[in-house]
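A structural walkthrough
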Amino acid sequence: MRSPNDLELVAVTKRYGDAVAVDNVSHLFAAGTYICLLGPSGCGKSSTLRMIAGHESVTDGAIILDGRDISKLPPAQRGTAMMFQSYALFPHMSVRDNVSFSLKLKGEDKASRHRKANEMLELVGMGHLADRLPDQLSGGQQQRAALARALITKPQVLLLDEPLSALDPFLRVKVREELKKIQRELGISFIHVTHGQDEALALADEIVLMNNAVIEQSGSARDVFNAPRSEFVARFLGGHNVVSLEGKRYALRSDRTRLVTPGDEGLDVSVTSHEFLGTHVAVNVIGPGDVELTAMVPEEQFYAAPVEPGDSVRIGWTAQDLHLLAG
Ligand SMILES: Nc1ncnc2c1ncn2[C@@H]1O[C@H](COP(=O)(O)OP(=O)(O)OP(=O)(O)O)[C@@H](O)[C@H]1O
């Protein structure tokens, strides 16, 4: 159901000279949703985000929020806020002053802006660090301060450009849980740009996957993963094989690709390598027409009957796990 708080892109195009970065994109971002804008480098994710934020002009089309065309408004009047990859905290200001800076620009008095900054810092678990300077914070803490600073303007839509990319893998998982929790608590939309498939699958209520300046597929993380529309989507999300059978191409999840016994339905292939991944062993094989496939074999099962590079094996699947691809 549509809500006035939805954010809508209507035939939005961004051109830089002759180069088309975003090509006639229309999409409804539902209010109160965690959206991940995913895609390979150069596909137009950041341009889309920056146009929504107002940091980049729209060449053509409209951006609608709250029933208003916001595409020509200055960033501060849109009802959106942006959290940058580099955090961009002012080094000479305390965390509290950084967070409340935009309220100072609006002329809000000190007591009120400090009260609101303290509330936001509590929300992101940083209340005890309000008097520190940015360089006295860890990367994860700087990231939270930047989040509090973006949220203090009470945006309807928070825009996050690769917010986790500077964090180490352990912290990245922890902070992404926090981002999701904060989004739920506030009930506003987060639009989060990422290269990371795992990040998008873990966080997103809706994945919007871009390629070559257009949206290739959108939907819930589970739907997009289980029903990739094209070979590009299957390969980009990972965890899938692409198999050709009788002139048609299918996606087949690698955890549904099995080592079977000779005589069962499937393909005769040769093992090229295997990798231990904890719960599973990824068995990489090469088959007819040099097609490369991966079977994710549960670890116990693999070690009960291990295979080695050069071994001839048979790979099988259940017909209902084959998902027909459009292109
Ligand atoms: N200011 C600019 N001037 C000219 N071309 C630009 C500009 N910004 C982006 N582009 C081009 O527009 C296309 C889309 O860029 P954009 O930054 O939106 O992609 P992206 O998906 O966010 O990539 P990345 O993940 O690498 O940041 C690219 O081909 C890029 O080179």
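Structure: see above.
All of the points below concern the structure found in this document. Fair warning: this is a prediction, and the values are worked out from it, not measured in the lab. Numbering of residues begins from 1 in every chain and follows the order in which that chain's sequence is written. Whole-chain, interface and lining totals are the exception, using all residues; otherwise, since this is a predicted model, local features are given only for residues with pLDDT of at least 70 and side-chain atom pairs are given and counted only at 80 or more. Excluding hydrogens and water, the side-chain values take into account all heavy atoms of the structure.

Looking at the pattern of salt bridges
- When a carboxyl oxygen of Asp or Glu lies within 4 Å of a side-chain nitrogen of Lys or Arg, that pair is called a salt bridge. The tally for this structure, following the rule as stated, stands at 14 salt bridges.
- Residues K14 and E56 are paired through a salt bridge, measuring 3.6 Å at the closest nitrogen-oxygen approach. Linking K14 in strand 1 (residues 7-16) with E56 in the loop between helix 1 (45-53) and strand 4 (60-65), this pair joins segments that are 42 residues apart in sequence.
- Any residue under 20% of the maximum accessible area for its type is buried, any over 50% is exposed, and the rest in between are partly exposed; the area is computed with a 1.4 Å probe on protein chains only. The class for K14 is buried, based on a relative accessible area of 4%.
- The shortest N-O distance in the salt bridge between D321 and R256 comes to 3.2 Å. Taken together, the residues span a long stretch of sequence, with D321 in the loop between strand 17 (312-316) and strand 18 (323-324) and R256 in the loop between strand 12 (248-253) and strand 13 (258-260) at a distance of 65 residues.
- When its relative accessible area of 16% is taken as the criterion, D321 is described as buried.
- Judged by its relative accessible area of 33%, R256 is partly exposed. For helices the rule is a DSSP run of H or I covering at least 4 residues; for strands it is a run of E covering at least 2, with both sets numbered from the N terminus onward.

Describing the sheet that holds strand 12
- Here a strand pair is declared whenever DSSP counts at least two bridges between the two strands. The sheet built from three strands is open, its strands ordered 11-12-18 with antiparallel pairing. Pairing within the sheet leaves two strands with one partner each, and these edge strands are strand 11 (240-245) and strand 18.
- As defined by bridge partners, strand 11 adjoins strand 12 across six bridges and the pair is classed as antiparallel. Bridged to V243 within strand 12 is Y250.

Quick notes on the pairing of strand 14 (residues 267-276)
- Both strand 14 and strand 17 contribute to a ladder of four bridges, which runs antiparallel. When the sheet's bridge partners are listed, V269 is paired in strand 17 with V313.
- The loop that links strand 14 with its antiparallel partner strand 15 (residues 280-286) comprises three residues; one of these, G278, has a positive phi angle of about 95 degrees.

Some details on the nonpolar core
- V99, M126, L147, L158, L179 and F190 are the most contacted members of the largest nonpolar core, which totals 44 residues.
- If one sorts the elements of this core by residue count, helix 4 (residues 139-151) sits on top with six residues.
- Counting 25 residues, the second-largest nonpolar core is a separate cluster that includes I52, V58, V193 and V208. Throughout, nonpolar core names a set of buried Ala, Val, Leu, Ile, Met, Phe, Trp, Tyr and Cys residues whose side chains join them through atoms within 4.5 Å.

A closer look at helix 1
- Among the nine residues that make up helix 1, seven are buried, leaving the element largely enclosed by the rest of the structure.
- Note on helix 1: the residue one or two positions beyond its end, G54, has a positive phi of about 90 degrees.

Some words on the packing of aromatic side chains
- Geometry of aromatic contacts follows a simple scheme: Phe, Tyr and Trp rings, the Trp one being its six-membered ring, pair when their centres are within 6.5 Å, and the pair is stacked under 30 degrees between planes, edge-to-face over 60, tilted otherwise. Inspection of the entire model under this criterion finds five aromatic pairs.
- Between F90 and F101 the ring centres are 4.9 Å apart and the planes differ by 65 degrees, which places this aromatic pair in the edge-to-face class. Here F101 lies in helix 2 (residues 95-105) and F90 lies in the loop between strand 6 (80-83) and helix 2, a separation of eleven residues in the sequence.
- Considering the side-chain rings of F276 and Y303, the 6.3 Å spacing of their centres and the 65 degrees angle between planes classify their relative orientation as edge-to-face. One end of the pair, F276, is in strand 14; the other, Y303, is in helix 9 (residues 299-304), with 27 residues separating them in the sequence.
- A relative accessible area of 51% means that F276 is categorised as exposed.

Describing the site of the ligand
- The ligand sits among Y16, A21, P40, S41, G42, C43, G44, K45, S46, S47, R50 and H195.
- Contacts to the ligand include K45, whose side-chain N or O atom sits 2.8 Å from an oxygen atom.
- Take S47: an N or O atom from its side chain is 2.6 Å from an oxygen atom of the ligand.
- Here the ligand has 630 Å² of accessible area as a free molecule, and 59% of this is covered by the chains.
- Here the element with the most residues in the shell around the ligand is helix 1; it accounts for four residues. The nearness test applies per residue and asks whether one of its heavy atoms lies within 4 Å of the molecule or strand. Think of a polar contact as two N or O atoms within 3.5 Å of one another; within protein, one of them needs to be a possible hydrogen donor and the other a possible acceptor, and neighboring residues in sequence only count if both atoms come from side chains. Each accessible area value is a Shrake-Rupley result obtained with a 1.4 Å probe; residue values ignore everything except the protein chains displayed when judging cover.

Side note on the pairing of strand 1
- In this sheet, strand 4 lies alongside strand 1 in antiparallel orientation, the contact comprising five bridges. Its bridge partner lying in strand 4, L7 is registered against L65.
- Pairing of strand 1 with strand 2 (residues 19-29), which is carried by seven bridges, proceeds in the antiparallel orientation. When the sheet's bridge partners are listed, R15 is paired in strand 2 with V20.
- From the end of strand 1 to the start of strand 2, which pair antiparallel, there are two residues, and G17 there has a positive phi angle of about 60 degrees.

Quick look at the sheet that holds strand 8 (residues 189-194)
- What the six strands build is an open sheet, ordered 6-7-8-3-9-10; its pairing is mixed. Of all strands in the sheet, those bounded by a partner on one side alone are strand 6 and strand 10 (214-219). In this sheet, neighbouring strand axes are inclined to one another by 20 degrees on average, regardless of whether the strands run parallel or antiparallel.
- In this sheet, strand 9 (residues 206-211) lies alongside strand 3 (residues 34-38) in parallel orientation, the contact comprising four bridges. Looking at strand 9, one finds that C36 is bridged to I207.
- Any two residues having at least one pair of non-hydrogen atoms within 4.5 Å are treated as being in contact. Interaxial angle, 0 to 180 degrees, is taken between N-to-C directions of lines fitted to C-alpha atoms, where a helix line uses only the stretch in contact. Seen against the sheet, helix 5 (residues 169-186) touches strand 3, strand 7 (157-161) and strand 8 and runs at an angle of roughly 155 degrees to strand 8.

Read these as spatial facts, not as claims about activity.
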